[in-house]
Amino acid sequence: QVQLVDSGGGLVQAGGSLRLSCAASGLTFSIYNMAWFRQAPGKEREFVAAITWTGGGLYYADYVKGRFTISRDNAKNTLSLQMDSLKPEDTAVYYCAADSRPRPITDDQYDYWGQGAQVTVSS
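Residues numbered from 1 in each chain as written. Predicted model: local features only at pLDDT ≥ 70, side-chain atom pairs only at ≥ 80, totals over all residues. Heavy atoms only, no water.

A. Representation of the state of the cysteines within the structure. In the structure shown here, the tally under the stated rule is 1 disulfide. One disulfide in the model links Cys22 with Cys96; its S-S distance is 2.1 Å. Judged by the sign of its S-S torsion, about 45°, the bond between Cys22 and Cys96 is right-handed. Of this pair, Cys22 sits in strand S3 (residues 18–25) while Cys96 sits in strand S9 (residues 92–99); the two residues are 74 residues apart in sequence, bridging distant segments of the chain. Judged by its relative accessible area of 0%, Cys22 falls in the buried class. Note on Cys96: relative accessible area 0%, which makes it buried. (Disulfide = S-S within 2.5 Å. Helix = DSSP H or I, 4+ residues; strand = E, 2+ residues; numbered from the N terminus. Buried < 20%, exposed > 50% of the residue type's maximum accessible area, 1.4 Å probe, protein only.)

Rendered as structure tokens:
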């Protein structure tokens, strides 16, 4: 049974930092492309960042580029998202996602999803 467990969310002031983690089990993590999406109240889910199964391809949404860093540790089956210079508009539930199919890495049709981690940025 595939499980993705998101952790590391919390409340932070604008300009602060948080690090999200996603622990994967029940899948061969090293062959999965991984991504982070987020959904704010009343808004559609949106792409944040993605990393290819090799770790060699990194993709970021324009609104987080230069502030967020995605990384993975295939030996530990973990995905991370370092979030710096946080803004109130980054407030959302953040979800990690996994997919092994050759498909556009930035769209949200991923096979597996975490339960989400709440990130709240106060002004």
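B. Broad picture of the pattern of salt bridges. The full count for this structure, using the stated rule, is 9 salt bridges. Measuring nitrogen to oxygen at the nearest pair gives 2.6 Å for the salt bridge that ties Glu46 to Arg38. Classification of Glu46 by relative accessible area gives partly exposed; the value is 28%. In this structure, Arg67 and Asp90 form a salt bridge, with 2.7 Å as the shortest nitrogen-oxygen distance. Placement of Arg67 in the loop between strand S6 (58–60) and strand S7 (68–73) and of Asp90 in the loop between strand S8 (78–83) and S9 is noted, with a sequence separation of 23 residues between them. For Arg67, a relative accessible area of 10% translates into the label buried. (Salt bridge = Lys/Arg side-chain N within 4 Å of Asp/Glu carboxyl O.)

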